[in-house]
Amino acid sequence: MTVPTPFPPASGASTAMDKVAFNRIELGLIMGLYGRMVAAGEWRDYGMSFLKEVAVFSVFRRTAEHPMYTIEKRPRLRNKQGMYCVVGMDGQILKRGQDLATVLRVFDRKMIRPID
């Protein structure tokens, strides 16, 4: 029995190996935070992008607007500033670091509200 030869990727097309993605543990942390914020009524929708140099998890209040926050993973910055960062709507980096759980703590203060 012969093994079929796979088609080579088209020129300019990216393969799954040259994209950055969140692993299962990272997605678990992000989706746990997302669930808490949805329950609090802060967030309503999300989107994910897996590009050549960055993986992005975008958070929206409504579907048809710009993201409120983006959580980015940039492995090339692993030995410099840290590969995880949270970016606000205005493009300002709110938190950056090596540990995703630590970086996501920037949202903890948004969960604290006065009781009416």
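Here the structure is a predicted model, which is why all the values come from computation and not from measurement.

K.L.:
Mind laying out the pairing of strand 4 (residues 84-88), listing which residues take part and the relevant values?
P.N.:
Here strand 4 lies mainly inside the structure; five of its five residues are buried. Side chains Y84, V86 and G88 project from strand 4 onto one buried face, and the interleaved C85 and V87 project onto a second face that is buried too. As paired strands, strand 3 (residues 69-73) and strand 4 are joined by five bridges and run antiparallel to one another. Opposite Y69, over in strand 4, you have G88 as the bridge partner. Inspection of the sheet shows strand 4 paired to strand 5 (residues 93-97) by four bridges, in the antiparallel sense. The residue of strand 5 that forms the bridge with V86 is K95.

K.L.:
So what's going on with the nonpolar core? Residues and values would help.
P.N.:
Core analysis: the largest hydrophobic core is formed by 21 residues, its most contacted members being I30, W43, F57, I71, V86, L104 and F107. Within the residue set of this core, elements represented by two or more residues are helix 1 (24-39), strand 2 (55-60), strand 3, strand 4 and helix 2 (100-104). If we skip the residues at most four places from it in the chain, L104 touches L29, I30, L33, I71 and V86.

Scoring rules and cut-offs
- Residues numbered from 1 in each chain as written.
- Predicted model: local features only at pLDDT ≥ 70, side-chain atom pairs only at ≥ 80, totals over all residues.
- Heavy atoms only, no water.
- Buried < 20%, exposed > 50% of the residue type's maximum accessible area, 1.4 Å probe, protein only.
- Helix = DSSP H or I, 4+ residues; strand = E, 2+ residues; numbered from the N terminus.
- Pairing = 2+ DSSP bridges.
- Core = buried A, V, L, I, M, F, W, Y, C linked by side-chain atoms within 4.5 Å.
- Contact = heavy atoms within 4.5 Å.

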